[in-house]
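Here's the letter readout for the chains.
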Amino acid sequence: MPLTFTLDPAITPALRDGILDLWTDVSNAGGSVGFVAPVTREEIRPELVRHFVQMAEGRTRLLVGHDEDGRPAATAFLTHNSHRLMSHWIWLYTVMVHPRHQGRGYGRDLLAAAEDAARGTDGVEAIRLTCRGGHGLERFYASCGYKEVGRVPDAIRVAPGDDRDEVLMLLSLG
């Protein structure tokens, strides 16, 4: 059953808790979303609050994919570039699909919904994102139309002695 996507949903306690659960579960399953397992909801909460503050300031938009039970199953944050010479592209952050839903094409659906949201934003011509090397994520994003445009070797330290490349990807909306 496909996910139902909502851009800029009302932030309710249920949605907040659902995103915390999603982010925790994705992180603990080895997902590359800013944390290294094991992680708790309370460790993730401050980062989610930062996203919510950016949303309240109008700098970030939230895209949520709900499953058939109405639970958040996928998210992405679209963040406007605040530099006046770079306002023609946006960042895509915290792209995640719950592990129980992976392998069903929901990641592609999420990226397509993010692309639609970006296309609906005045003046936006591209989406940029970064991903952690070593998981094949750049191949997934490439299969969705993104191009690798840069790589910083060993920029992400997952653990002592475990450094990963930061891979910069771009999707032109032109």
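Please refer to the structure higher up on the page.
Residues numbered from 1 in each chain as written. Predicted model: local features only at pLDDT ≥ 70, side-chain atom pairs only at ≥ 80, totals over all residues. Heavy atoms only, no water.

Draft legend 1. Examining the side chain of Arg-132 more closely. Looking at where Arg-132 falls in the secondary structure, it is placed in strand β5 (residues 126–132). Comment: no salt bridge for buried Arg-132; closest opposite-charge side chain is Asp-162, at 7.4 Å. (Helix = DSSP H or I, 4+ residues; strand = E, 2+ residues; numbered from the N terminus. Buried < 20%, exposed > 50% of the residue type's maximum accessible area, 1.4 Å probe, protein only. Lys, Arg positive; Asp, Glu negative; His and termini not counted. Salt bridge = Lys/Arg side-chain N within 4 Å of Asp/Glu carboxyl O.)

Draft legend 2. Structural view of the pattern of salt bridges. The full count for this structure, using the stated rule, is 16 salt bridges. The partner of Arg-61 in a salt bridge is Asp-8, with the nearest N and O atoms 2.5 Å apart. One end of the pair, Arg-61, is in strand β2 (residues 60–66); the other, Asp-8, is in the loop between β1 (4–7) and α1 (13–28), with 53 residues separating them in the sequence. Residue Arg-61 is classed as partly exposed on the basis of its relative accessible area of 23%. Residue Glu-57 is joined to Arg-59 by a salt bridge in which the shortest nitrogen-to-oxygen separation is 2.6 Å. With a relative accessible area of 48%, Glu-57 lands in the partly exposed category. Take Arg-59: its relative accessible area is 36%, and that puts it in the partly exposed class.

Draft legend 3. Highlighting the packing of α1 against helix α2 (residues 41–56). Two numbers describe how α1 lies on α2: the axes approach to 10 Å, and their chain directions differ by 125°. Relative to α2, α1 is oriented oblique. The hand of the α1/α2 crossing is right-handed. Along the contact surface, α1 presents Arg-16, Asp-17, Ile-19, Leu-20, Asp-21, Trp-23, Thr-24 and Ser-27, while α2 presents Arg-41, Ile-44, Arg-45, Glu-47, Leu-48, His-51 and Phe-52. Looking at side-chain class alone, the contact of α1 with α2 contains six nonpolar, three polar and six charged residues. (Axes fitted to C-alpha atoms, helices over the stretch in contact; angles between N-to-C directions. Parallel < 35°, antiparallel > 145°, perpendicular 65-115°, else oblique. Left-handed = near helix turned anticlockwise from the far one by under 90°. Contact = heavy atoms within 4.5 Å. Nonpolar A, V, L, I, M, F, W, Y, C, P; charged D, E, K, R; others polar.)

Draft legend 4. Structural detail: α1. Between its first and last C-alpha, α1 extends 22 Å over 16 residues, near the 22 Å set by a 1.5 Å rise per residue. Taken together, the buried positions of α1 are Leu-15, Gly-18, Ile-19, Leu-20, Leu-22, Trp-23, Thr-24, Val-26 and Ser-27. Of the surrounding secondary structure, the elements contacted by the buried residues of α1 are α2, β2, β3 (72–80) and β4 (89–97). (Expected span 1.5 Å × (residues − 1).)

Draft legend 5. Quick look at the packing of aromatic side chains. Tallied over the entire structure, the rule returns five aromatic pairs. Each ring, one from Trp-91 and one from Tyr-93, has its centre 5.8 Å from the other, and the planes form 25°; the classification is stacked. Plain terms: the ring middles of Tyr-141 and Tyr-146 are 5.8 Å apart, the flat faces sit at 65° to each other, and that makes the pair edge-to-face. With respect to class, Tyr-141 is no different from Tyr-146; both count as buried. Counting every residue linked through ring pairs, the aromatic cluster contains Trp-89, Trp-91 and Tyr-93. Seen from the ring of Trp-89, Arg-128 lies directly overhead, with NZ or CZ sitting 3.9 Å from the centre. (Phe/Tyr/Trp six-rings, centres within 6.5 Å; stacked < 30°, edge-to-face > 60°. Lys NZ or Arg CZ within 6 Å of the ring centre and 35° of its normal.)

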